[in-house]
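So the chains spell out like this:
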Amino acid sequence: MYLSLAGAILCLSLSAIRSSAVPVSAISQGPQRIFPTPATHRPLVIWHGLGDTANGEGIAGLMRDMKEMYPGIFIHSVQYPGSGSIDDERKAGFYGNASMQVDEVAETIRDIPELADGFDGIGFSQGGLFMRDYVQRHNEPRVRNLLTFGSPHMGIARLIPCRSSFDLLCIIAKQTAQKGVYTEWAQNNLIQASYFRDHDRLDAFHKMNKYLTRLNGELEAQPRAARNIASLDNLVLINFEQDQTIYPKESAVFGSLVPSAVNSSNPVIPMTENPFLWKHDRIGLRKLAKKGGLQYGTPDESCPGAHMDLDWGDEEGCGQRLVRRWIGWSM
Ligand SMILES: *[C@@H]1O[C@H](CO)[C@@H](O)[C@H](O)[C@H]1NC(C)=O
Ligand SMILES: *[C@@H]1O[C@H](CO)[C@@H](O)[C@H](O)[C@H]1NC(C)=O
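As the structure is a prediction and not an experimental result, all values here were calculated from the model. (Residues numbered from 1 in each chain as written. Chains lettered and ligands numbered in written order. Predicted model: local features only at pLDDT ≥ 70, side-chain atom pairs only at ≥ 80, totals over all residues. Heavy atoms only, no water.)

**Looking at the site of ligand 2**
- Within the structure, ligand 2 sits among Asn263, Ser265 and Pro267.
- For ligand 2, an oxygen atom lies 2.3 Å from a polar atom in the side chain of asparagine 263.
- The side chain of serine 265 places a nitrogen or oxygen atom 3.2 Å from an oxygen atom of ligand 2. (Near = heavy atom within 4 Å. Polar contact = N/O pair within 3.5 Å; in protein donor to acceptor, adjacent residues only side chain to side chain.)

Written out as structure tokens, the structure reads:
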């Protein structure tokens, strides 16, 4: 049963990973004297992906393991709405106003004393897009290293497949979006519509989409966003080589598709050949690259598997490797 479904289940959340993972926590055993340690590791904020929740099994497992890796580290997992049920949280991944969700999360972050001196961020899939939005429009307190795993930075050109035929929340959101993704209603109420970028309907996208066009400076300069992105220590754009959830998968590294009318095989336009991202540097990526802070496009920032397959149980797997490299630095 599990195997036959496995192909159809797209792992948007991290919950499936744990079952095969060897927890890092298994390493430390026996009685230990716990001394209070000063907070030497930079705190961390995690923003989960679509369909997941702040304290879902996968995220909780990651947090447990990272606390073993970096004793004393403070980790906040983004929960939206703050006081909602798990169903409310899952629903908010599909429905709502993306800008407003980010604004409210930014308020929560501002009120957490442990984060006051700055923090690192990890955003999974959609959560990475929102974390970048936090940096661009808020960034108080500031983010130092930001890791995005399989995030649709240049949007999606196809709606994200639902994990199973029983995921009604996902299916209804998808069917609604299919009826008209560039309607005012969809743009204001369906999260995926806010980053749906149809390379064959760019006119409609530019006319109706407020969220992604603003986030990427596609239509006008974004001076504040550009300052804030360039102020990061590192932006690490992690892609999944076998990603079949985010289309095109190169969106994880700001790749987008050539319109069919120009080239029917839709080759990918890399970030550095995209005028608003690079030539005009509207959101500060080129400036960040110039100071050595933009990390992407080498095997170091790449995961070999499918969307969100962090291979977390393996110390050499891309998840642990990247976390050891970029998280847990000293303040
Ligand atoms: C969505 O949120 C943004 C930012 O808070 C706001 O400017 C916009 O009007 C909102 N849209 C709707 C339909 O509420
Ligand atoms: C269209 O894209 C393909 C695949 O990248 C490429 O080989 C071909 O040269 C392109 N055609 C034109 C007319 O640019």
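**With respect to the state of the cysteines**
- Across all of its chains, the model carries 2 disulfides by this definition.
- The side chain of cysteine 303 participates in a disulfide bridge whose partner is cysteine 318; the two sulfur atoms lie 2.0 Å from each other. Judged by the sign of its S-S torsion, about 100 degrees, the cystine formed by cysteine 303 and cysteine 318 is right-handed. Pair noted here: cysteine 303 is in strand β9 (residues 302-303) and cysteine 318 is in helix α12 (residues 318-326), with a separation of 15 residues, a long-range link. Summarising the burial analysis for this pair, cysteine 303 and cysteine 318 share the class buried.
- Disulfides within the protein link the bonded cysteines, taken in sequence order, as 1-2, 3-4. (Disulfide = S-S within 2.5 Å. Helix = DSSP H or I, 4+ residues; strand = E, 2+ residues; numbered from the N terminus. Buried < 20%, exposed > 50% of the residue type's maximum accessible area, 1.4 Å probe, protein only.)

**Regarding the pairing of strand β1 (residues 44-47)**
- Burial of the side chains of β1 extends over both faces: Leu44 and Ile46 are buried on one face and Val45 and Trp47 on the other.
- Sheet analysis places β1 next to strand β2 (residues 75-77), joined by 3 bridges and oriented parallel. Note on β2: the bridge partner recorded for leucine 44 is isoleucine 75.
- This β-α-β element, β1 to helix α2 (residues 57-69) to β2, shows right-handed connectivity. (Pairing = 2+ DSSP bridges. Right-handed = clockwise from strand over helix to strand, strands pointing away.)

**Considering the site of ligand 1**
- The environment of ligand 1 is formed by Asn97, Ser99, Met100, Asp103 and Asn188.
- Residue asparagine 97 places a side-chain N or O atom 2.5 Å away from an oxygen atom belonging to ligand 1.
- One of the side-chain N or O atoms of aspartate 103 is found 3.2 Å from an oxygen atom in ligand 1.
- With the chains in place, 45% of the 360 Å² that ligand 1 exposes on its own is no longer accessible. (Areas by Shrake-Rupley, 256 points an atom, 1.4 Å probe, with all protein chains shown as cover.)

**Topic: helix α5 (residues 126-137)**
- Across its 12 residues, α5 extends 17 Å between first and last C-alpha, which sits within 8% of the 16 Å expected from 1.5 Å per residue.
- Most of α5 sits out of view: 11 of its 12 residues are buried.
- The complete set of buried residues in α5 reads Gln126, Gly127, Gly128, Leu129, Phe130, Met131, Arg132, Asp133, Tyr134, Val135 and Gln136.
- Among the residues trailing α5, asparagine 139 stands out with phi positive, at a value near 60 degrees. (Expected span 1.5 Å × (residues − 1).)

**Some details on the pattern of salt bridges**
- Tallying each qualifying case throughout the model produces 10 salt bridges.
- The salt bridge involving aspartate 133 is made with arginine 214; its shortest N-O contact spans 2.8 Å. One end of the pair, aspartate 133, is in helix α5; the other, arginine 214, is in helix α9 (residues 211-215), and 81 residues separate them in sequence.
- In the salt-bridge network here, residues are joined through shared partners; they are Arg42, Asp120, Arg142, Arg144 and Asp233. (Salt bridge = Lys/Arg side-chain N within 4 Å of Asp/Glu carboxyl O.)

**As for the packing of aromatic side chains**
- The full count for this structure, using the stated rule, is 7 aromatic pairs.
- Relative to phenylalanine 130, the ring of tryptophan 47 has its centre 5.6 Å away and its plane inclined at 65 degrees; by these criteria the two rings are edge-to-face. In this pair, tryptophan 47 sits in strand β1 while phenylalanine 130 sits in helix α5, placing the two residues 83 residues apart along the sequence.
- Exposure remark for tryptophan 47: the relative accessible area of 5% places this residue in the buried category.
- Of the residues examined, phenylalanine 130 reaches a relative accessible area of 2% and is grouped as buried.
- An aromatic cluster is built from Trp47, Phe130 and Tyr211, whose rings are joined through pairwise contacts. (Phe/Tyr/Trp six-rings, centres within 6.5 Å; stacked < 30°, edge-to-face > 60°.)

**What to know about the environment of isoleucine 112**
- Of note, isoleucine 112 is situated in the loop between α4 (98-110) and β3 (119-124).
- Placed 36 residues apart in sequence, isoleucine 112 and histidine 76 show a C-alpha to C-alpha distance of 9.0 Å.
- Each residue touching isoleucine 112, except ones within four places of it in the same chain, is listed here: Phe74 and His76. (Contact = heavy atoms within 4.5 Å.)

**Overview of the environment of histidine 153**
- Inspection of the secondary structure assignment puts histidine 153 in the loop between β4 (143-149) and α6 (168-179).
- We classify histidine 153 as buried; its relative accessible area is 0%.
- Sequence separation between histidine 153 and arginine 132 is 21 residues, and the spatial gap between their C-alpha atoms is 8.9 Å.

Nothing here speaks to function; it is all geometry.
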